[in-house]
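Chain residues, written in single-letter form:
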Amino acid sequence: MTMLKLSARNIRASVGRLVLTILAVTAGVGFVTGSFILADSLSDTFSGIFESAASQTDASVQLAGLEFGEDDQTLSDSVVAALEELPETARVTPIVTITDQFTPFVILDAAGEEVKPRGPPILTFSWDGREVESAIALAEGRSPAALDEVVINTEYAVAADVAVGDQVNFLTPDGQQTFTLVGTVDFPVSAGAFFVLFDFESAQTLYGKEGLVDTVELAAAPGVSAEELIAAAERVVPSEAEVINQAEVIEQSLEDFNQFIGIFRNVLLAFAGIALFVSLFIIYNTFAILVNQRIQQIGMLRAIGATGRQIRFSILAEAALVGLIGAVLGLAAGFGVAFLIKAAFQAAGGFPETGNVITTTTVLVAFLVGVGATVLSALGPAFLASRVSPVAAMRNEAGGDRGQHRRIIGGLVCLAVGLVLLGLGLFLGGQQTSVLLIELAVGAILTFVGVALLSVLFAGPIVNFIGRAEVLGTSLLVLGASLLVFMFTVGDGLPDGVVSWVTFPIKVAVSTIAILTGLSILISKSRGSGFGLGGSAAGLEGQLAKRNAGRSPQRTAATATALTIGVALVATVGTVGESLKASFTDSLERGVQADLFIYDEEGQGSFSGDLADRLEGVAGLAELSRFRANELRLADGDVVNMFAYETGTGESVIDLGIVAGSLEGTADNGMLVFVDEAEERGLLVGDSLVVDFPDLQSETLTVVGLFEDNSVLGVPFIIDLDLYEQHISNDDDVFVGAAIEEGTSVESVKAAVVAVTAEFSGVTAQDNEEFLNAQEGQIDGLITLINFMLGFALFTAFLGVVNTIVLSVVERTREIGLLRAVGTTRAQMRAVIRWEAVIVCLFGALVGIVLGVLFAWAAVTAIPDGIISRMALPYETVIFAILVAALAGVVAAALPARRAARLNVLDAISTS
Amino acid sequence: MTETIVSSTLAARAETAIKIYGHGDTEVHALRGVTVGFERGQFTAIMGPSGSGKSTLMHCMAGLDRLTSGETYIGDTTLSQLSDKNLTLLRREKVGFIFQSYNLIPTLTAKENITLPLDLAGSDGDQAWIDEVITTTGLGDRVSHRPNELSGGQQQRVAVARALASRPEIIFGDEPTGNLDSRTSAEILDFMRRAVRELGQTIVMVTHDPVSASYSDRVLFLTDGQIVDEMSNPTPETVFDKMKTLGD
Ligand SMILES: Nc1ncnc2c1ncn2[C@@H]1O[C@H](COP(=O)(O)OP(=O)(O)O)[C@@H](O)[C@H]1O
Ligand SMILES: [Mg+2]
């Protein structure tokens, strides 16, 4: 009881010192609860929609699912009348829609440009004006009723700047057409998609589905059960259709959906785990410092009869209380985190509107994680505290570094085990995904812990090196200048996207500050007197800062570790991403001879073969190769993806990188197989295999070659287009490559090609460079999203830096007082603390980058060459990370530096 | 000084206590075979030049540190045979401490600081005794104040009261008045003497100051890790004279 009282009082007394630790717990817990809140809210919203849809509809009629090889079928709308006649039905709602993404209805603005959502699709279907709670509601006007009337969702109306009553110009499968906008609707879960709705009869006409229906929704008459309704409906629907029990369907979709949500939550939790891991270091650090500061008190307690266990308990109780406070705040922060993640996804593409749902599980997890994590990380310090000798109470010195040997041995063990686990995870094939992930996660954690423990060994010398004025000045100058150079040469130069508009000015500012500071340090050093931003670094202040940073390597290492982890992860992601881009560019440059690429960039769907037919007539095109995709069934029953192209001309468009066999014989019932796939299935050149085509005809194909370059097509099997056409009547292409005649300009031919593709909604024609940029853009988008998620970890790391500096200023109160007493000015005092923070942060960032690049190297080596073939460093990101870390040091030091400068000299000296 | 000591009248004793710090080149012989006993109900002062081993002797006798060889006893208990845990329990029940810097817990009130050893042991202690101890401190209602609201003398009285609270076999103090001015020192020493005379406690204290030593019943002189002399019913003058002769 006393110990608990003591713990509580200790917290109250040192609340200032614990604030940042509590914040670190809050950040970690906040991310975890945010993930839960987001996932639960999504699941809640969608269950609501499913359920409210189910409350209106008991059954639905639609075409039965297609077996492999079955031809597409249609459902005649005569079934609607038949269903209406049944006494069991109260309501019969026929619906038609277009599922094919390339024939949507797109609004054209005044300039004739298509108004499209960023990322999500435009959806179009018939609507009978019925509102469904939490799924669809009329916002303004009325529902559509005639062939020239349309309803769109509010977001689309805003984006296209049109209002109810306006005549709106649409691009439709039949060319441009004008509709009257008679109303707008809201879809709470639109996730950024745009909606274009017509009444049923008009939609049939507009979609080219006269006399057809896709789905018929049925509501049972009063007193009729769903089963009775279904039995009755089954008697009147044609054989190609099936009647579905809506409740069962909804249960199934809910299950599917919740499974998806589960994955989504786990991905978020993985990032939350990283942030939490950083918090663990901060908590550990704080308690280690607090124990050190209280060593006399602990010794006294031991002397007067406190057992080691009681001491341990009091520290752990203090940790638990900190964890508890952090958990409560973290729960609150969870809502903010959920909001932020939602906003990020909304900006990146789309995300449904959801409420904020908090469940008991979330609350339990928050407390478990908050208290558990804090107690766990305080274990070490608590254990050390319990071993403080009672004689410590009699001595006046603070506790020194103990257990150096054990720390180094522990570090080596952690590092070794961590690296072995990482190696196993990356290079040992044939493991279960869950085992693999655990290996990688535990391996990475142990490696970080190992490096953190071992960095005591090299923190001193490195910090002494970085801290030298000429080194600091030169590095800042060089790094700042090279960031600018990289931005404008290797990088994208002037900004073009939303993200780069944010980062561009920041990067320019950071590099400018670095250059100016570096210069002023160097000038001050050579003149022997302070000059400009970095003047103090070259003087006595810089000296003192360097000594302080180097004095306790253990402290420096611990402070830097939080930052190291954050920077290492950013560097890993950046390097893997850069390598992916570089490999992709390489293989594209090597493998792609086409000058123009015609494909559906956004929908990734197929488009009518008419397009390629029309292109045949464009002057200046030398070669044209169509690529079509479908499925094959192998002898073992596996249904696999397949590509077909015109052998003979296709090679001039795409180089597959044949590694065994050749292209010879492809046209003669041959087959090309991706090397990895061949390995997996044990296929060799010359093997024959029997495959079924979608028309259920079998063919015996011979493996004529193995290819390794799959960056453009990304399929396991390739066959000849002639063979394809013998079995598959669908003539849609997914990709058309074109080579241009020698001597003609790409621009002019492209203009002619674009004139054709413009008539096919969704299809783009890109030249080589545009194609490359588009592909790289997707990788960049992913990296940005991952970095945003890592941002939480980086923020936590930043808190950690502020935290340790605050604590060490408190600890050095007496020393700071002495410095002030002998004439150090406040500004000088601030500079000492500031440069110390900068040096420590630079150290952390450097170690982080080395680790991150090593991790990335391991990952790149482990990832098959087909995906990443070589390593490339993201210089811009790396340099930017180092400079931001230095700047973070300045910001982190601001508060503690003020405190140090404001210390009352007399009070400071009399503190014992 | 080697006469057999009757243990029942002794609160604590040491037999040929040897303490060596460090190894090889850095070896320091802090105690070179000290044999000494402290009688119940007596106030003993230990004097000697800096580095003579006074603190070491106290730490070892109080069970805070272990001897290199030899034996120390609290009452009839042999300290060298106790586990760390039992040593802690022994300190909790049988030994009190007064530190030079008051070493009070700043976040606990004076009263809570006084009862801390009992609370640590999870016992209520002898309430009448505690009341008596608190009354003797003369703090009145200031016992519910935090240490930083008390004067140095008051804080040290709290520290002495804390040592008395569990009614230990013996109380050790390492220069308990070293941080205090002479008037406050007198006040504390008087308080300690009353604890011995009126409450029947046993106190051993290390001091540099002949005046402080004169409050005790017996003074031991330590030089270079050995007891070189002792004196009963000291006065400041006799102690001062003895110090001068030892200094030669
Ligand atoms: N923990 C220790 N490690 C090494 N030497 C020590 C330690 N504690 C004390 N000493 C040495 O032992 C000798 C006696 O010290 P101490 O008992 O503190 O003397 P006193 O209290 O009389 O000043 C001194 O030489 C001192 O330097
Ligand atoms: Mg001493």
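Residues numbered from 1 in each chain as written. Chains lettered and ligands numbered in written order. Predicted model: local features only at pLDDT ≥ 70, side-chain atom pairs only at ≥ 80, totals over all residues. Heavy atoms only, no water.

Chemist: Before we move on, could you go through the packing of aromatic side chains and cite the residues and values that matter?
Modeler: Residues and elements named next belong to chain A. Evaluated as defined, the whole model comprises 21 aromatic pairs over all chains. For the pair F170 and F179, a centre-to-centre distance of 5.5 Å together with 90° between the ring planes defines the contact as edge-to-face. Comparing F170 with F179, the two get one shared label, buried. Each ring, one from F257 and one from F260, has its centre 6.2 Å from the other, and the planes form 45°; the classification is tilted. Linking F257 with F260, this pair stays in helix α7 (residues 246–293), spanning three residues, or about one helical turn. (Phe/Tyr/Trp six-rings, centres within 6.5 Å; stacked < 30°, edge-to-face > 60°. Buried < 20%, exposed > 50% of the residue type's maximum accessible area, 1.4 Å probe, protein only. Helix = DSSP H or I, 4+ residues; strand = E, 2+ residues; numbered from the N terminus.)

Chemist: Report on the domain arrangement of chain A, specifying residues and quantitative values.
Modeler: Domains assigned within chain A are domain 1 (1–60 + 254–402), domain 2 (61–253) and domain 3 (604–761). The distance between the C-alpha centroids of domain 2 of chain A and domain 3 of chain A comes to 35 Å. (Domains from an automatic or database assignment.)

Chemist: Account for the environment of S14(A), with residues named and values stated.
Modeler: Residue and element names in this part refer to chain A. Mapping S14 onto the fold places it in the loop between α1 (2–13) and α2 (15–56). Considered as a pair, S14 and L290 are 276 residues apart in the sequence and their alpha carbons are 9.1 Å apart. In this view, S14 contacts R294 and E318; residues no more than four positions away in its chain are not counted. (Contact = heavy atoms within 4.5 Å.)

Chemist: Run through the sheet that holds strand β1 (residues 59–63) of chain A, naming residues and quoting values.
Modeler: All names here are of chain A. Strand order in the open sheet formed by four strands is β2-β11-β1-β12, with antiparallel pairing between adjacent strands. Where the open sheet ends on each side, the last strands, each with one partner, are β2 (89–95) and β12 (241–245). The sheet shows a mean angle of 20° between the axes of neighbouring strands, direction not considered. Bridge count between β1 and strand β11 (residues 215–220): four bridges; the pairing is antiparallel. The residue of β11 that forms the bridge with Q62 is T215. Seen against the sheet, helix α6 (residues 226–236) touches β1, β2, β11 and β12 and runs at an angle of roughly 175° to β12. Along the sheet face, α7 touches β1 and β12 and points at about 75° away from the line of β12. (Pairing = 2+ DSSP bridges. Axes fitted to C-alpha atoms, helices over the stretch in contact; angles between N-to-C directions.)

Chemist: Just give me the short version of helix α24 (residues 826–862) of chain A, but keep the residues and values in it.
Modeler: The first and last C-alpha atoms of α24(A) sit 54 Å apart over 37 residues, in line with the 54 Å expected at 1.5 Å per residue. For α24(A), the buried fraction is high: 26 of the 37 residues fall into the buried class. (Expected span 1.5 Å × (residues − 1).)

Chemist: Now, about the site of ligand 1: what can you tell me, with residues and values included?
Modeler: Residues and elements named next belong to chain B. Near ligand 1 there are 12 residues, and of these G51, G53, K54, S55 and T56 occur at the shortest range. Note that an oxygen atom of ligand 1 is positioned 2.4 Å from one of the side-chain N or O atoms of T56. Within the complex, 63% of the 550 Å² of free accessible area of ligand 1 lies under protein. Those elements giving two or more residues to the shell around ligand 1 turn out to be β2 (28–39) and α1 (54–61). For the shell around ligand 1, the residue count by class is four nonpolar, six polar and two charged. (Near = heavy atom within 4 Å. Polar contact = N/O pair within 3.5 Å; in protein donor to acceptor, adjacent residues only side chain to side chain. Areas by Shrake-Rupley, 256 points an atom, 1.4 Å probe, with all protein chains shown as cover. Nonpolar A, V, L, I, M, F, W, Y, C, P; charged D, E, K, R; others polar.)

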